[in-house]
Number of protein chains: 2
Amino acid sequence: MDEAEGGRRDYRAEAEPLTPRDGAARRPVTLADVAREARVGESTVSRVLRSHGSYSQKTRAQVEAAVARLGYVPNRIAGTLASTGSRLIGIVIPSLTNIVFPDLLRGATATLEAEGFQPVIAVTDYDQDREETVVDSLLSWRPAGLIVTGLEHNPGTVRRLAASGVRVAELLDVDGPGLDIVVGYSNRAAGAASARHLVGRGYRRIGYIGHDLGRDRRAAKRYAGFREGLGAAGLALAGEERIAAPSSIEAGRTGLAALLARVRDLDAAYFSNDDMALGGYFHCLARGLAVPGRLALFGYNGLDVGRLMPQPLATIRTPRVEAGATAARLVCGSGPATVVDLGFELVEGATA
Amino acid sequence: MDEAEGGRRDYRAEAEPLTPRDGAARRPVTLADVAREARVGESTVSRVLRSHGSYSQKTRAQVEAAVARLGYVPNRIAGTLASTGSRLIGIVIPSLTNIVFPDLLRGATATLEAEGFQPVIAVTDYDQDREETVVDSLLSWRPAGLIVTGLEHNPGTVRRLAASGVRVAELLDVDGPGLDIVVGYSNRAAGAASARHLVGRGYRRIGYIGHDLGRDRRAAKRYAGFREGLGAAGLALAGEERIAAPSSIEAGRTGLAALLARVRDLDAAYFSNDDMALGGYFHCLARGLAVPGRLALFGYNGLDVGRLMPQPLATIRTPRVEAGATAARLVCGSGPATVVDLGFELVEGATA
DNA sequence: TTGAAAGCGCTAACAG
DNA sequence: CTGTTAGCGCTTTCAA
C-alpha cells in the first residue's frame, strides 16, 4: 500500500552557507558600542531605545543612526537581569496532538505578542510529574507569569508556583479551586448539558466512548457530569468503552466498534471529545449505520471538522482561542485573583 | 441551532488564592543566600548545582540541604548572561491552525527538552514581514539557535540571521538554497509524484483545489510539481479553484463544489493538502458522489484523519515530527551546514 | 537632558 | 577541593 518516494539523502549544501561559521567569532555589538559610535553615554542609548525618560531629538537621531550602522540587536537577557521582571510567559500544555491546545496557544501567543511578551512553551504529555519538572524549568527563566492547563497539580508544583510569586493562570476548567487566575468553562456542566440534550431528544440506551480519564482530568469531569445528567433523568449508561490512551480519531472508531459489539441496542453514543466522535462517525459510515436513525453521536469541543461533516456533529463548542487570549491578558496584568467562566455553547448539529 | 449554556460569569475566587499577592514582595532566594546558608563560597554552590568541577561529597550534601531548606530556584537569566550561550531555541512557524505545525513543535520540543533546551515560539501567519519582526524579537533573547519554516525569507530576515551568528534550521522544504541547516522533503517532487500516480491510475480530467499560494510557498511548489508531472504525461489541469485564504476543511469543501460546478467532467481532484481533501471528501459524501468511481481524491501530508476515513485518503505522508526532532538536534549541535532530505511516502489509500 | 557608577545573579578564571 | 574576584550587557539611581 505504501510506495517509497522522494528518497532520503544527506548531503552538504552546494552553496556556501549565508551564515558563515567563522572560527573568529566576532564579538556581538553591545549597547556600549552604540554609545561610543553615537558619542553619547550608555544610559542615554538605553533611554532612547526604550523611549523612556528624556532626551533630545538630536540625540535620538544619533543613536538610531548608530544602531542602524552597527546592526545592534538589544540583549534582552541582560536587560531582564538588570531590570525587575522578564517579558517571558511560560505556557504549559498537556499535548500538541489534540488541536485544542494549539488553539489555546494561538489565542495566547497573539495576545502576548501584542503586549510585548514572548511565550515559552512546555508539554507534559498529561503527566503531572512531568508538569512539576517543566514548571521548575520554566520558573528558572523568571517568567512574568505562567499559564498552565487544568486545576489539578502535584503538591510540589503548587508549592513551587506559590513560592515563585509569579502570576499563574489555570486554563480550561473552572470546576474546583484555583491558585490565582482561572479561565475556562465547566466541564461538569458541559457533560450534564450533553446528557440532558440526548435525553430530551428521546434517546434512552446511551453509551460512552472515552479515553484515558486518569490523565485527562477534564474529560473525567465531563464523564461525571454526563452520568449525573443521566441520573437526574432516571437513566444510567447503557454501556461504556474506555481506551487507555490519549484521545484520537482511531480510538473513537475502534472504541465505538468494540462497544457496539458488546451492547447492540445502543441508540446514542457520547464521546469524550470531537476527535473520538469523528472516529465514531467514520465507523458508522463504514458500517452503513444510519446517523442518527440507528445511532446518535455527541462530542465535545466544537471543532471545525465536526461542523463540516456531511451531517454537522452534535457537540459542545468551547471558546478555546478566547480562553488562551484571556489568560494571557490577565496573567500579564496586575489585577486581583479571578475566575473567568467563558461558558460554552451546545451545538445541536444533525447527528443527534 | 445553537443554545446558550454554561452562562458566562466573572467572579472573585471564593477561596484565598494559594499565591498570595503580598505587598511586601519577599526578595527571591539567590545563590548567595544558598552559599551563606551552606557556609561555602558562591562558586562552590555553582559548581555543585551544575555538577561541574570538583567538590567533596560533604560539600555537595550541605549545598543540597541549603537549597532544599531555602527553596532555591536557579536564575537562568543570570546564568546565561554570565556564561556564553543561552539554552533557548527560537521556533518560528507560520500557523497553529494546521496540525502540521504543532506536529513539528512536538518533535522539536521533545528533542530540545532531552537536550536541556527550552523552545520559544513565534507565529507569523504566513507573513514574511511578520517573520522578520519575530526573528528580530527572538534574536534579542540570544538563542542558541533558531528553527524557521521554509526557505523563503525577506532579505532583512536573512541579513539579521546571518549577522546574529546563531545556527539556523529551515524546515519542511529542500527545494532551494538554504542558509545553514535544512531539514525537510521536496514539495516539488511530492507534487510530481502525485501527478504520476493519478495518471498511472488512469485519471485524465484532473482538477486542482488549493489555498493561498502566494503565502504558502511550499504549497505553491507542490502545485508547480504537480503541473510538471501532468505535463510530462502530456496532460494539463482540467480546471482549478484557488481559495484566497489559509487551507481549511471548509475551503476544500466549498472549493471542490465550486470547481465541479464549472468543470463537470472531472475524474480526479488534487488538493493542496489533507485538510482541503477532507473537505472535498465531505462534499462528495454529502452529494452522494462515488469516490473514487465518480471522482478520485488526492491530498498531501498523511494526517491521521485521512488514514481513518471510511476510505483511506490517497495522499503523501511526510515525516513532520521527525523533521522537527532532526532540526532541533542539528541546531543544538555544532556540525557543518547540511541538507537533510527526509523523503516522503506515497499512500495509495482508497480514494484514488 | 545627560553621564557616571552601582548593581542584577550568576559563571569562570585564578589563586590558595 | 574551595574562595575571591572580575565581569556578562543592561537598567537605574543620582548628580551634574
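Residues take numbers from 1 onward in each chain, read along the sequence in its written order. Chain letters start at A and ligand numbers start at 1, both assigned in the order the entries are written. Totals for whole chains, interfaces and linings use every residue, but because this is a predicted model, local features are given only for residues with pLDDT of at least 70 and side-chain atom pairs only at 80 or more, for both listing and counting. Excluding hydrogens and water, the side-chain figures rest on all heavy atoms present in the structure.

## Let's talk about the sheet that holds strand β9 (residues 239-242) of chain A
Residues and elements named next belong to chain A. Heads up, the rule is: When DSSP finds at least two bridges between two strands, those strands are taken to pair. The numbering of helices and of strands both runs from the N terminus, where a helix is a DSSP run of H or I of at least 4 residues and a strand a run of E of at least 2. Lines fitted to C-alpha atoms define the axes here, with helix axes fitted over just the stretch in contact, and angles between the N-to-C directions of these axes take values from 0 to 180 degrees. Any two residues whose heavy atoms approach within 4.5 Å at even a single point are treated as in contact.
Pairing is parallel across the open sheet formed by 4 strands, whose spatial order is β9-β8-β10-β11. Since the sheet does not close on itself, it has two edges, and those belong to β9 and β11 (296-298), each with one partner. Each adjacent strand pair in this sheet contributes to an overall mean axis angle of 15°, direction not counted. In this structure, strand β8 (residues 206-210) lies alongside strand β10 (residues 268-271), joined through 4 bridges in parallel fashion. Its bridge partner lying in β10, I209 is registered against F271. Strand contacts of helix α8 (residues 187-200): β8, β10 and β11, with the helix running at about 170° to β10, the strand carrying the most contacts.

## Quick notes on the domain arrangement of chain A
All names here are of chain A. Keep this limit in mind: Throughout, the edges of the domains are those of an automatic or database domain assignment. Accessible surface is computed with a 1.4 Å probe, and the buried area is the amount of it that two parts give up when combined, taken over both parts together. Put simply, a salt bridge is a Lys or Arg side-chain nitrogen that is within 4 Å of an Asp or Glu carboxyl oxygen. Polar contacts, as used here, are pairs of N or O atoms within 3.5 Å; protein pairs need one atom able to donate a hydrogen and one able to accept it. Residues neighboring in sequence count only if both atoms are side-chain atoms. Ten residues, namely Ala, Val, Leu, Ile, Met, Phe, Trp, Tyr, Cys and Pro, are considered nonpolar, four, namely Asp, Glu, Lys and Arg, are considered charged, and the remaining ones, Gly among them, are considered polar.
The domains assigned to chain A are domain 1 (2-13 + 186-317), domain 2 (19-27 + 80-183) and domain 3 (30-70). When each unit is reduced to the centre of its C-alpha atoms, the spacing between domain 1 and domain 2 is 30 Å. The partner domain 2 presents 17 residues to the 13 residues of domain 1 that form the contact. When the two sides are added together, the surface that domain 1 and domain 2 hide from each other amounts to roughly 1100 Å², 44% of it contributed by carbon and sulfur. On the domain 1 side of the contact with domain 2, R215, R218 and K221 bury the most area, a combined 49% of that side's loss. Put simply, domain 1 and domain 2 have 2 salt bridges between them. E152 is paired through a salt bridge with K221; the nearest N and O atoms lie 2.9 Å apart. Linking domain 1 with domain 2 are 8 residue pairs in polar contact (both at pLDDT 80 or more). At the level of secondary structure, the elements contributing two or more residues to the side of domain 1 that touches domain 2 comprise α8 and α9 (217-232). Examining the composition of the side of domain 1 that touches domain 2, we find that 3 residues originate from one element, α9, more than from any other. Its residues assigned to classes, the side of domain 1 that touches domain 2 comprises 1 nonpolar, 5 polar and 7 charged.

## Digging into the protein's contact with DNA strand D
Just so we agree on the cut-off: Throughout, near means a residue has at least one heavy atom within 4 Å of the molecule or strand.
The local shell around DNA strand D holds 25 residues, among which L31(A), Y72(A), G41(B), R47(B) and T59(B) are the closest. Per the 4 Å cut-off to the protein, sugar and phosphate atoms form 62% of the nearby atoms of DNA strand D. G41(B) places a polar main-chain atom, nitrogen or oxygen, 2.6 Å from a phosphate oxygen of DNA strand D. Note that a base oxygen of DNA strand D is positioned 3.3 Å from one of the backbone N or O atoms of L81(B).

## Some points on α8(A)
Residue and element names in this part refer to chain A. Put simply, the test is: Here the expected span of a helix is defined as 1.5 Å times the quantity of residues minus one. Accessible area is worked out with a 1.4 Å probe on protein chains only. A residue is then buried under 20% of its type maximum, exposed over 50%, and partly exposed in between.
In this model, α8 (14 residues) spans 20 Å end to end at C-alpha, consistent with the 20 Å of a helix rising 1.5 Å per residue. Burial runs high along α8: 10 of the 14 residues are buried. Of the residues trailing α8, G202 is marked for its positive phi of about 95°.

## Brief notes about the protein's contact with DNA strand C
Taken together, 23 residues surround DNA strand C, and among them T44(A), S54(A), T59(A), L31(B) and Y72(B) come closest. Near the protein, meaning within 4 Å, the atoms of DNA strand C are sugar or phosphate in a fraction of 66%, with bases accounting for the rest. S56(A) is positioned such that a nitrogen or oxygen atom in its backbone is 2.7 Å from a phosphate oxygen of DNA strand C. Y72(B) places a polar side-chain atom, nitrogen or oxygen, 2.2 Å from a phosphate oxygen of DNA strand C. For the surface near DNA strand C, the elements supplying multiple residues, two or more each, are α2 (42-50) and α4 (76-82) of chain A together with α2 (42-50) and α4 (76-82) of chain B. Residues that form the surface near DNA strand C fall into these classes: 8 nonpolar, 12 polar and 3 charged.

## Comments concerning the sheet that holds strand β9 (residues 239-242) of chain B
Residue and element names in this part refer to chain B. Taking strand neighbours across the sheet as the criterion, the 4 strands line up as β9-β8-β10-β11 in an open arrangement whose pairing is parallel. Lying at the two open borders of the sheet, with one neighbouring strand each, are β9 and β11 (296-298). This sheet shows a mean twist of 15° between the axes of neighbouring strands, independent of strand direction. Here strand β10 (residues 268-271) runs beside β11; their pairing, made up of 3 bridges, is parallel. Looking across to β11, one finds that A269 is bridged to L297. Helix α8 (residues 187-200) rests against β8 (206-210), β10 and β11 of the sheet, and its axis sits at about 170° to β10.

## Thoughts on the packing of helix α5 (residues 100-114) of chain B against helix α13 (residues 320-332) of chain B
All names here are of chain B. Our working definition: Geometric relationships in this document are graded by angle, where less than 35 degrees denotes roughly parallel, more than 145 denotes roughly antiparallel, 65 to 115 denotes roughly perpendicular, and other angles denote oblique. By definition, any crossing whose near helix is turned counterclockwise from its far helix by less than a right angle is left-handed, and any crossing with a clockwise turn is right-handed.
The contact between α5 and α13 brings their axes to 7 Å, and the two run at 40°. The orientation of α5 with respect to α13, classified from their angle, is oblique. When you trace α5 past α13, the crossing you get is right-handed. Counted together, V100, D103, L104, R106, G107, A108, T111 and L112 of α5 and R320, V321, A323, G324, A325, A328, R329 and C332 of α13 form the full contact between these two elements. Its residues assigned to classes, the contact of α5 with α13 shows 9 nonpolar, 3 polar and 4 charged.

## Quick notes on helix α5 (residues 100-114) of chain A
Residues and elements named next belong to chain A. Between the first and last C-alpha of α5 there are 22 Å, a value that for 15 residues agrees with the 21 Å anticipated at 1.5 Å per step. A large share of α5 lies buried, amounting to 11 of its 15 residues. Listed as buried for α5 are V100, F101, P102, D103, L104, L105, G107, A108, T109, T111 and L112. In the stretch just after α5, G116 is the one whose phi turns positive, near 80°.

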